[in-house]
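Below are the chains, spelled out letter by letter.
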Amino acid sequence: MTDVRPRPVTGDLDLSQDAFWALTPAARHAAYARLRAMAAPPYFNPRYSPFGVPERGYYALARHADVAEASRNPAVFSSAAGATSIFDLPVEFSEYFGSMINMDDPRHARLRRIVSRAFTPKMIRKFEQNVRRTVTGIADDLLAAGPCDFVQEVSARLPLQVICEMMGIGDEHYDMVLRNTSTILSGTDPELNSQDVNEALTRILTAGGELAALVTELAERRQAEPSDDLVSALTSANIDGEQLTAAELASFFILLVAAGTETTRNAISHALVLLTEHPDQRALLLADLEGRLGPAVEEIVRYVSPVIWMRRTVTQDTVMNGHAYRAGDKVLLMFQAANRDESVFADPHRFDITRSPNPHVGFGSAGPHFCLGAHLARREITAIWRELLTRAPRIRAAADPDYLQSSFINGIKRLPCSID
């Protein structure tokens with residue numbers, strides 16, 4: 001292979017520019033269609049890194065087939081150099097954010113085995129009871145409050161309350177956990193983080209440190225006095241003599257509260273927007289709530305793609321789907337773009353709760369890094385919308401959503417709602 005890089009994409013299609021991520025959803029998806037139509041995967045060069053290290057650019061895999069193939073081949077498309085940052089991160093970030101999402105086998109497989117062992121049938125039944133109880137309480141409060149911010153009162157509350165209760169974290173820590181997870185996933189949004197890179201990084205590291213300290217202290221207490229919660233199960237989980245270290249438990253907790261709250265939260269928020277903008281689909285759903293709610297959740301996740309991309313790094317020179325990559329190349333698995341691929345989804349820009357088949361990659365594609373929490377996320381989204389559409393079938397967005405400015409999370413910060 002030659003050492004000549006492709007000519008970087010510039011202008012209105014440049015994913016490296018904040019302006020691209022400020023586009024409307026329709027404009028962004030129109031841009032993705034143009035990227036998919038290119039003869040080869042597009043290459044982007046940000047030219048500089050906020051961490052002061054040389055930047056070598058990256059490919060964006062916008063086609064469903066490329067995302068699926070790279071996901072199936074983690075030995076070549078590796079997560080070890082970082083999965084959640086386009087830029088190579090400083091070493092100190094690994095202390096809090098070096099979770100299994102940023103690992104390859106065998107380390108990834110070891111952690112996943114240990115963590116999975118804690119999700120026993122008894123624990124899963126307990127989670128489901130927590131979800132049912134929490135959605136009932138949220139609906140009660142919503143009906144009592146009337147018009148409100150849907151994000152604050154509904155979609156942010158549900159996953160965070162469920163996860164905190166799963167972990168055995170008391171209500172007194174709720175605001176701190178919410179604040180810190182929002183900081184970690186704040187993207188470039190000026191409302192949630194500083195525009196000064198050094199200050200922003202300091203805030204993110206501080207947020208990770210506070211979350212790590214919380215779960216580490218709780219784990220120490222649970223080792224002395226075990227309880228019926230996930231922290232107790234994780235600290236005692238043992239496979240062939242191996243257990244989670246304190247650092248591994250802290251990193252897993254940060255992954256759980258960040259990925260497990262933000263993605264579910266935003267799917268729930270976007271669902272309200274979609275059901276408001278598509279009254280025909282709302283009517284179809286209400287006509288057979290139990291029969292259509294499951295497929296509707298899958299279509300919401302496809303249409304929205306709460307996680308926009310994940311990064312991989314090529315470990316060796318390779319050819320995939322006819323295109324050559326070199327060792328060291330960075331690639332983004334563009335889930336949001338792949339979920340509108342015209343070659344896979346008929347009329348991909350149509351929100352259709354009866355869509356079948358629906359091979360979306362909203363939870364990642366098949367492979368070792370498929371979302372560990374996909375089952376819980378589906379249960380939470382299904383449960384809250386079953387409750388809301390049963391008790392407040394006319395709930396709707398009362399104004400346009402206030403979107404998070406981020407290239408990584410398709411988030412909604414605020415969303416006024418009405419229930420009459």
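A brief structural summary.

The rules behind each value
Counting from 1, residues in each chain are numbered in the order their sequence is written. Two thresholds apply to this predicted model, a pLDDT of at least 70 for residue-level local features and 80 or more for giving and counting side-chain atom pairs, whereas whole-chain, interface and lining totals are computed over all residues. Each side-chain value is derived from all of the structure's non-hydrogen atoms; neither hydrogens nor water enter the calculation. The pairing criterion for strands is at least two bridges between them, as found by DSSP. Numbering of helices and strands runs from the N terminus, with a helix taken as a DSSP run of H or I at least four residues long and a strand as a DSSP run of E at least two residues long. Exposure is judged per residue with a 1.4 Å probe applied to protein chains only, and the accessible area is read against the type maximum: over 50% gives exposed, under 20% gives buried, and values in between give partly exposed. Buried Ala, Val, Leu, Ile, Met, Phe, Trp, Tyr and Cys residues form a nonpolar core when they are joined through side-chain atoms within 4.5 Å. We call two residues in contact whenever any of their non-hydrogen atoms come within 4.5 Å of each other. Fitted lines through C-alpha atoms give the axes, limited to the stretch in contact for helices. The angle between two N-to-C directions lies from 0 to 180 degrees. Note on terminology: disulfide denotes any pair of cysteine sulfur atoms within 2.5 Å. Here a pair means two rings of Phe, Tyr or Trp (six-membered ring of Trp) with centres within 6.5 Å. Their orientation is stacked below 30 degrees between planes, edge-to-face above 60, and tilted elsewhere. In what follows, salt bridge is the name for a side-chain nitrogen of Lys or Arg lying within 4 Å of a carboxyl oxygen of Asp or Glu. In a helix, the anticipated span is given by 1.5 Å times the number of residues less one. Every angle not falling under 35 degrees, over 145, or within 65 to 115 is termed oblique; those three ranges are roughly parallel, roughly antiparallel and roughly perpendicular. Put simply, Ala, Val, Leu, Ile, Met, Phe, Trp, Tyr, Cys and Pro go in the nonpolar bin, Asp, Glu, Lys and Arg in the charged bin, and everything else, Gly too, in the polar bin. Here is the rule for handedness: rotate from the far helix to the near one, and if that takes an anticlockwise turn smaller than a right angle the crossing is left-handed, while a clockwise turn gives right-handed.

Points about the sheet that holds strand S4 (residues 148-149)
The three strands are arranged S4-S12-S9 in an open sheet whose pairing can be described as antiparallel. Each edge of the open sheet is held by one strand with a lone partner, namely S4 and strand S9 (396-397). Here S9 pairs with strand S12 (residues 416-418) via two bridges, running antiparallel. In the sheet register, Arg-396 faces S12, and the bridge partner there is Ser-418.

Some thoughts on the pairing of strand S2 (residues 58-61)
Alternating positions in S2 separate into two faces, Tyr-58 and Ala-60 on one and Tyr-59 and Leu-61 on the other, with burial throughout. Pairing of strand S1 (residues 43-44) with S2, which is carried by two bridges, proceeds in the antiparallel orientation. Residue Phe-44 lies in a different strand from S2, and its bridge partner there is Tyr-58. Judged from the three bridges that link them, S2 and strand S8 (residues 330-334) form a sheet pairing that is parallel. When the sheet's bridge partners are listed, Ala-60 is paired in S8 with Leu-332.

Some words on the nonpolar core
If you look at the biggest cluster of nonpolar residues, it comprises 133 residues, and the most contacted ones within it are Leu-15, Phe-150, Met-167, Leu-230, Met-334, Ile-384 and Trp-385. Among the elements that make up this core, the one with the highest residue count is helix H12 (residues 246-277) (16 residues). When residues no more than four places from it in sequence are discounted, the contact partners of Leu-230 are Ala-118, Phe-119, Met-123, Phe-127, Met-166, Met-167 and Leu-256.

Concerning the sheet that holds S2
Pairing within the open sheet is mixed, and its five strands lie in the order S1-S2-S8-S5-S3. Taken across any chain shown, the strands that pair with only one partner, and hence form the sheet edges, are S1 and strand S3 (77-78). Those strands touched by helix H3 (residues 64-72) are S2, S3 and S8, and its axis lies near 120 degrees from that of S8.

Topic: the side chain of His-369
On the secondary structure map, His-369 appears in the loop between helix H15 (335-338) and helix H16 (374-391). Not counting the four nearest positions on each side in its chain, His-369 is found in contact with Ser-79, Met-100, Ile-101, Met-103, Asp-104, His-108, Arg-112 and Arg-312.

As for the environment of Pro-159
Mapped onto the fold, Pro-159 is located in helix H8 (residues 157-167). Judged by its relative accessible area of 0%, Pro-159 is buried. Through-space distance from the C-alpha of Pro-159 to that of Thr-261 is 4.9 Å; in sequence the pair is 102 residues apart. Those residues within four positions of Pro-159 in sequence are excluded, and the remaining contacts are Gly-260, Thr-261, Thr-264, Arg-265 and Glu-380.

Considering the state of the cysteines
In this structure the tally under the stated criterion is zero disulfides. The closest cysteine sulfur to the non-disulfide-bonded Cys-148 is located on Cys-417, 3.8 Å from its own sulfur. Here Cys-164 is not cross-linked by a disulfide; its sulfur's nearest cysteine counterpart is in Cys-371, at 18 Å.

Looking at the packing of aromatic side chains
Taken as a whole and judged by the stated rule, the model has nine aromatic pairs. On the numbers, 6.0 Å between centres and 50 degrees between planes, the contact of Phe-20 with Tyr-32 is tilted. Taken together, the residues span a long stretch of sequence, with Phe-20 in helix H1 (residues 18-21) and Tyr-32 in helix H2 (residues 25-36) at a distance of 12 residues. The same class applies to Phe-20 as to Tyr-32, namely buried. Geometrically, the ring pair formed by Tyr-59 and Tyr-325 is edge-to-face, given 5.3 Å between the ring centres and 80 degrees between the ring planes. Residue Tyr-59 is found in strand S2, and its partner Tyr-325 is found in strand S7 (residues 323-325); the two are separated by 266 residues along the sequence.

Some thoughts on the pattern of salt bridges
The tally for this structure, following the rule as stated, stands at 26 salt bridges. The structure contains a network of salt bridges with shared partners spanning Asp-189, Glu-191, Asp-402, Lys-413 and Arg-414.

Some points on the pairing of S8
For a regular strand, the rule is simple: side chains alternate between the two faces of the sheet. Of all five residues making up S8, five are buried, and the element is well covered by its neighbours. Of the two faces of S8, the one lined by Lys-330, Leu-332 and Met-334 and the one lined by Val-331 and Leu-333 are each fully buried. Inspection of the sheet shows strand S5 (residues 309-314) paired to S8 by five bridges, in the antiparallel sense. From the neighbouring strand, Met-310 faces S8, where its bridge partner is Leu-333.

A look at the environment of Gly-168
Structurally, Gly-168 is set in the loop between H8 and helix H9 (174-184). For the pair Gly-168 and Ala-219, spaced 51 residues apart in sequence, the C-alpha separation works out to 9.9 Å. When neighbours within four sequence positions are excluded, Gly-168 is seen to be in contact with Leu-218, Arg-222 and Asp-229.

As for H16
For H16, built from 18 residues, the straight-helix expectation of 26 Å at 1.5 Å per residue is met to within 8% by its first-to-last C-alpha distance of 26 Å. Here the buried face of H16 lies against helix H6 (121-145), helix H7 (150-155), H8, H12, helix H13 (279-287) and helix H14 (289-304).

So, the packing of H12 against H14
At a closest axis distance of 10 Å, the pairing of H12 and H14 adopts a crossing angle of 95 degrees. In terms of orientation, H12 lies roughly perpendicular with respect to H14. For the pair formed by H12 and H14, the contact residues are Ala-267, His-270, Ala-271 and Leu-274 on the first element and Ile-300, Tyr-303 and Val-304 on the second. Partitioning the contact of H12 with H14 into residue classes produces six nonpolar, one polar and no charged.

Considerations on the packing of H8 against H12
The contact between H8 and H12 brings their axes to 8 Å, and the two run at 150 degrees. When the axes of H8 and H12 are compared, the pair comes out roughly antiparallel. Seen along the crossing, H8 lies across H12 with a hand that is right-handed. Between H8 and H12, the contacting residues are Leu-158, Pro-159, Leu-160, Ile-163 and Met-167 on the first element and Phe-253, Leu-256, Val-257, Gly-260, Thr-261, Thr-264, Arg-265 and Ile-268 on the second. Split into classes, the residues belonging to the contact of H8 with H12 amount to nine nonpolar, three polar and one charged.

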